[in-house]
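# Analysis of the macromolecular model
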Amino acid sequence: MPKTRLKIISKGSLLAIFAAGLLSFGITHLINGNVSAPAKQVREPLPVAVLPFKRIDHYIRQSSYIGTVRARRDSALAFEVSGTLETLPAREGMPMTKGQILATLNTDQRRAKLRAAEAELAKTTTNLELATLKRERLADLLERGLTSKQTFDDAQLGAQALQQNQRAISARLDSARLNIEKSTLKAPFSGVVAQRYVDEGTVVTPGTPILRLLAQSSFEAHVGVPINVGNALILGNQYALSAGGQRLEATLQNIRADVDASTLTVGAIFTLPGDSRVRTGETITLDLADPVYESGGWVPLSSLTAGNRGLWDVFVVKDVPEGYVAVREAVEIIYSKNDQVYVAGTLADDAVIIASGLHRLSPGASIAPLRN
């Protein structure tokens, strides 16, 4: 009896041990499976926007140079004679036509001198007439031997002296009339009064500026450009300028021969169209588009990331057996325009670059290119 019970217990124990072993194996398998599962997961490729890189041999460089608008006629007007300013009807901003009176000087003294010269001329003319008659009578008497040659010569020389005196007085008379005429300042051309320098009652001397007159019918643009740019400009050609929001096609009239010591530029002078709505002193811009021959290509600014030694990097798409990965390529920025950058480097023509989202990438990252 005791032996039989021992055998039964032994069989149960074996079954229990076997069941425990199966349970332990299963738990261990599950644990190992859960632990190793992340290592066996494959990361999904990161979707990125891409575009092809096209290599070209040049780019167009847009350059702008600032200048000012000037009137083709800009004069500080003055009298040629001295005197007291009597009238100055011209006011700032007032339009004037050619020949219109701008200012006058007091002419009382000049008119008095004119009247004195006129009286002296009349007196001299009368004396000359008497001397001429006397000479003619003495000439007749000389032929008949009734007077001496000396008396006739005195009369003839006296008449000649009066003739010279008459010419001198006539010259003074013309000068007096001219001084009176020059006491009136007239507009030498049609324009607008820009500034008054003196007021009525001022004693002015010859050359003292009275007012500034600007022509409004024609304007020029004076633009400072670098020497090499000035050498490339062609006289007579049309160039694009902009002022006050309007686009102007202006003709290059002249290029100054001197260099501005403060800006190291040369002055380019353009004739603006007659219908230009500009003002003297207004800022104007010369816009140039020059081809620069250097091999490279355009990429968006968003495709650049900082590289080493002052260079920049772009990510290009590389085809590998597992799919596509991102690879760095170094480039050098040559020129930028808005959100586009012209770069040079080792990028191959038709290389596929990643256009944006570089902060999510690292070299060798698996990607899924998305073409526009």
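None of these values were measured; they are calculated from a predicted model.

## Section: the overall build of the chain
A count of helical and extended segments in the chain gives 4 helices and 22 strands. Across the 372 residues that make up the chain, the buried fraction comes to 31%. Pairs at least 24 apart in sequence give 72% of the contacts found in the chain among residues at least 6 apart. Element-wise, carbon and sulfur atoms account for 55% of the exposed surface of the chain, whose accessible area totals about 23,300 Å².

## Considering helix α2 (residues 108-143)
Here α2 contains 36 residues, and its C-alpha end-to-end distance of 53 Å stays within 8% of the 52 Å for a straight helix at 1.5 Å per residue. Where α2 is concerned, the buried positions are Arg110, Leu114, Ala117, Leu121, Thr124, Leu128, Ala131 and Leu138. Just downstream of α2 lies glycine 145, where phi reads positive at about 75°.

## Describing the sheet that holds strand β7 (residues 184-186)
Strands sit in the order β7-β6-β4-β9 across an open sheet of 4 strands; the sheet is antiparallel. Strand pairing shows two members of the sheet lacking a second neighbour, β7 and β9 (203-204), which therefore form its edges. Direction of pairing for strand β4 (residues 83-87) relative to strand β6 (residues 101-105): antiparallel, over a ladder of 2 bridges. Directly across from leucine 85, in β6, lies its bridge partner leucine 105.

## Remarks on the environment of serine 262
Within the element layout of this structure, serine 262 appears in the loop between β13 (246-259) and β14 (266-271). When its relative accessible area of 66% is taken as the criterion, serine 262 is described as exposed. Within the structure, serine 262 has its side chain in polar contact with the side chain of aspartate 260 (distance 2.5 Å).

## So, the sheet that holds strand β3 (residues 74-78)
If you walk across this open sheet you meet the 4 strands as β3-β10-β8-β5, and the pairing is antiparallel. The outermost strands of the open sheet, each flanked by one partner alone, are β3 and β5 (95-96). By the bridge criterion, 2 bridges tie β5 to strand β8 (residues 191-196) in an arrangement that is antiparallel. Looking at β8, one finds that methionine 96 is bridged to glycine 191.

## Some words on the pairing of β13
Bridging between strand β12 (residues 238-243) and β13 involves 6 bridges; their strand directions are antiparallel. Bridge pairing in β13 links alanine 243 to glutamine 246. The hairpin turn running from β12 into β13, its antiparallel successor, is 2 residues long, and glycine 244 in that turn takes a positive phi close to 60°. Where β13 meets β14, 5 bridges bridge the pair, whose relative direction is antiparallel.

## Details of the pairing of β12
With 3 bridges joining them, β12 and strand β15 (residues 283-292) adopt antiparallel strand pairing. Across the sheet, residue serine 242 finds its bridge partner in β15, namely threonine 285.

## Some details on the nonpolar core
In this structure, Val223, Leu241, Phe270, Leu272, Ile284 and Leu286 are the most contacted members of the largest nonpolar core, which totals 22 residues. Per-element accounting of this core gives the leading share, 4 residues, to strand β11 (residues 219-225). Not counting chain neighbours up to four residues away, the residues in contact with valine 223 comprise Tyr65, Ile66, Gly67, Leu241, Val266, Gly267, Ala268, Phe270, Ile284 and Leu286. Ranked by size, the runner-up nonpolar core spans 20 residues in total, among them Leu88, Ala90, Met96 and Val198.

## Details of the packing of aromatic side chains
According to the stated counting rule, one finds 5 aromatic pairs in the structure shown. Ring geometry for tyrosine 59 against tyrosine 335: centres 5.2 Å apart, planes inclined by 20°, an arrangement best described as stacked. Of this pair, tyrosine 59 sits in strand β2 (residues 59-71) while tyrosine 335 sits in strand β19 (residues 323-337); the two residues are 276 residues apart in sequence, bridging distant segments of the chain. The residues tyrosine 59 and tyrosine 335 share a single accessibility class, namely buried. Summarising the aromatic geometry, the rings of tryptophan 298 and tyrosine 342 are spaced 5.4 Å apart at their centres and angled 70° between planes, so their arrangement reads as edge-to-face. Of the two residues, tryptophan 298 sits in strand β16 (residues 297-300) while tyrosine 342 sits in strand β20 (residues 340-345), which places them 44 residues apart along the sequence.

## A closer look at the packing of α2 against helix α3 (residues 149-181)
Orientation of α2 relative to α3, taken along the N-to-C sense of each, is 160°, at an axis distance of 8 Å. By the angle between their axes, α2 is roughly antiparallel relative to α3. Pair α2 / α3 crosses with left-handed handedness. Of the residues belonging to the contact of α2 with α3, the class tally is 16 nonpolar, 11 polar and 9 charged.

## Focus: the side chain of aspartate 287
Considering the arrangement of structural elements, one finds aspartate 287 in strand β15. Among the polar contacts made by the side chain of aspartate 287, one reaches the side chain of arginine 247 at a distance of 2.7 Å. What aspartate 287 contacts, discounting residues up to four positions off in sequence, is Ser63, Ser64, Ala240, Leu241, Ser242 and Arg247.

So, how was this worked out
Residues numbered from 1 in each chain as written. Predicted model: local features only at pLDDT ≥ 70, side-chain atom pairs only at ≥ 80, totals over all residues. Heavy atoms only, no water. Helix = DSSP H or I, 4+ residues; strand = E, 2+ residues; numbered from the N terminus. Buried < 20%, exposed > 50% of the residue type's maximum accessible area, 1.4 Å probe, protein only. Contact = heavy atoms within 4.5 Å. Areas by Shrake-Rupley, 256 points an atom, 1.4 Å probe, with all protein chains shown as cover. Expected span 1.5 Å × (residues − 1). Pairing = 2+ DSSP bridges. Polar contact = N/O pair within 3.5 Å; in protein donor to acceptor, adjacent residues only side chain to side chain. Core = buried A, V, L, I, M, F, W, Y, C linked by side-chain atoms within 4.5 Å. Phe/Tyr/Trp six-rings, centres within 6.5 Å; stacked < 30°, edge-to-face > 60°. Axes fitted to C-alpha atoms, helices over the stretch in contact; angles between N-to-C directions. Parallel < 35°, antiparallel > 145°, perpendicular 65-115°, else oblique. Left-handed = near helix turned anticlockwise from the far one by under 90°. Nonpolar A, V, L, I, M, F, W, Y, C, P; charged D, E, K, R; others polar.

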